[in-house]
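# Fold and geometry: a report
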Amino acid sequence: MKVIIRNDEKKASIWAAHYIADAINAKAKTSKKPFVLGLATGSTPIETYAELARLVKAGKLSFKNVVTFNMDEYVALPVEHPESYHSFMDKYLFNHIDIDRKNVHLLDGNAKDLKKECDDYEKKIVAAGGIDLFLGGIGEDGHIAFNEPFSSLNSRTRVVTLTEDTRKVNSRFFDNDINKVPAQAMSVGVATVTDAKEVLILAFGSKKARALRDAIEGPCSHACTVSALQLHPAGIIVCDEAAIGECKYNSYKYFKAVEEAESK
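Let me begin by describing the structure that accompanies this report. (Residues numbered from 1 in each chain as written. Predicted model: local features only at pLDDT ≥ 70, side-chain atom pairs only at ≥ 80, totals over all residues. Heavy atoms only, no water.)

We now examine the nonpolar core. The biggest cluster of nonpolar side chains holds 80 residues, and the ones touching the most others in it are Y49, L52, F63, Y74, F94, L200 and C239. Sort the elements by how many residues they give to this core and helix α1 (residues 9-30) lands first, with seven residues. For L52, the residues in contact, after removing those within four places along its chain, are A17, I20, A21, L61, F63 and L93. (Core = buried A, V, L, I, M, F, W, Y, C linked by side-chain atoms within 4.5 Å. Buried < 20%, exposed > 50% of the residue type's maximum accessible area, 1.4 Å probe, protein only. Helix = DSSP H or I, 4+ residues; strand = E, 2+ residues; numbered from the N terminus. Contact = heavy atoms within 4.5 Å.)

Let us now look at the packing of aromatic side chains. Inspection of the entire model under this criterion finds nine aromatic pairs. Ring centres of W15 and Y19 lie 5.2 Å apart, and the angle between their planes is 15°; this geometry places the pair in the stacked category. In this pair, W15 and Y19 both sit in helix α1, four residues apart, roughly one turn of the helix. With a relative accessible area of 22%, W15 lands in the partly exposed category. Ring centres of Y74 and F146 lie 5.9 Å apart, and the angle between their planes is 45°; this geometry places the pair in the tilted category. (Phe/Tyr/Trp six-rings, centres within 6.5 Å; stacked < 30°, edge-to-face > 60°.)

The next point concerns empty space enclosed by the protein. For the structure on display, the rule yields one cavity of 30 Å³ or more. If you add up the space inside the largest cavity, you get close to 30 Å³. Around the largest cavity, the lining residues are I144, V193, T194, V199, T225, V226, A228 and L229. Among the residues making up the lining of the largest cavity, the classes are represented as six nonpolar, two polar and no charged. (1 Å grid on protein atoms, 1.4 Å probe; cavity = no way out; pocket = protein on both sides within 12 Å on 5 of 7 lines; lining within 4 Å. Points joined across faces, edges and corners; volume = space filled by probe spheres on them. Nonpolar A, V, L, I, M, F, W, Y, C, P; charged D, E, K, R; others polar.)

Looking now at the side chain of H86. Following the sequence through the fold, H86 ends up in helix α3 (residues 85-92). Residue H86 is classed as buried on the basis of its relative accessible area of 18%. Ignoring anything within four residues of it in the chain, the contact list for H86 reads E73, V79, L106 and L107.

Take the sheet that holds strand β4 (residues 72-74) next. Strand order in the open sheet formed by three strands is β4-β8-β7, with antiparallel pairing between adjacent strands. The open sheet is flanked by β4 and β7 (158-161), the only strands paired with a single partner. Mean inter-strand twist for the sheet, computed between neighbouring axes without regard to direction, equals 30°. Pairing between β7 and strand β8 (residues 184-187): four bridges, direction antiparallel. Bridging from a neighbouring strand, V159 pairs with M186 of β8. (Pairing = 2+ DSSP bridges. Axes fitted to C-alpha atoms, helices over the stretch in contact; angles between N-to-C directions.)

The computed volume of the largest pocket comes to approximately 810 Å³. Forming the boundary of the largest pocket are 41 residues, of which T41, G42, S43, N170 and R172 lie nearest the centre. When contributions to the lining of the largest pocket are tallied by element, the ones reaching two or more residues are β4, α3, β6 (133-137) and α5 (164-170). Per-element accounting of the lining of the largest pocket gives the leading share, five residues, to α3.

Structure follows, in structure tokens:
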């Protein structure tokens, strides 16, 4: 696991955006196959998406040969609802880049057969050649996507029941009314994420500090599903100083030293 630490959220977000852009551009130079990118929602990746859009507008990046798969979507929330993840992705990324909409994949939370929708999503990922890089965030309880604590580390895309804590956190998007937050969602599984060739996790702010500590220094456990990144050969966490604050000082020094050595 590699941990990149920046002073604040904006600098960390920009680092992540440029890492993703470099990965897309690098594959374009060696292959005609599309770059397959996994994407997240929520407040954490917004600045990263803004920087990706800026790179596209500056002519330094193109999404014309990029295929995307989003992590999750609420169940029974209309697509046109402003807090659906379809709406989120349009607002913060897709409306600002040159992506071909036929290459965009999001789960349909209103599908007649939700299990079939989830199973087909996994098949589409395989048909696309697997995910090159999966961008994700980390919940305050250590969850990745909507894989709440005690989700199987071998889990695949499925319907999940959201915990009260997760619904409380997300209620800020629903007029601070937990009753307006859907009780269920569709989510890629932990194994769906860790099957990607690279996984890049963003973590910002002191509220994420304990979860990040558990993810980095704790055991690999279904109690903290993002800790599965410990087993990934190309896992990266990008965080700010506030989020790394609960980790041991020696861990902090180690990650700083590794980055400094690799940058020479």
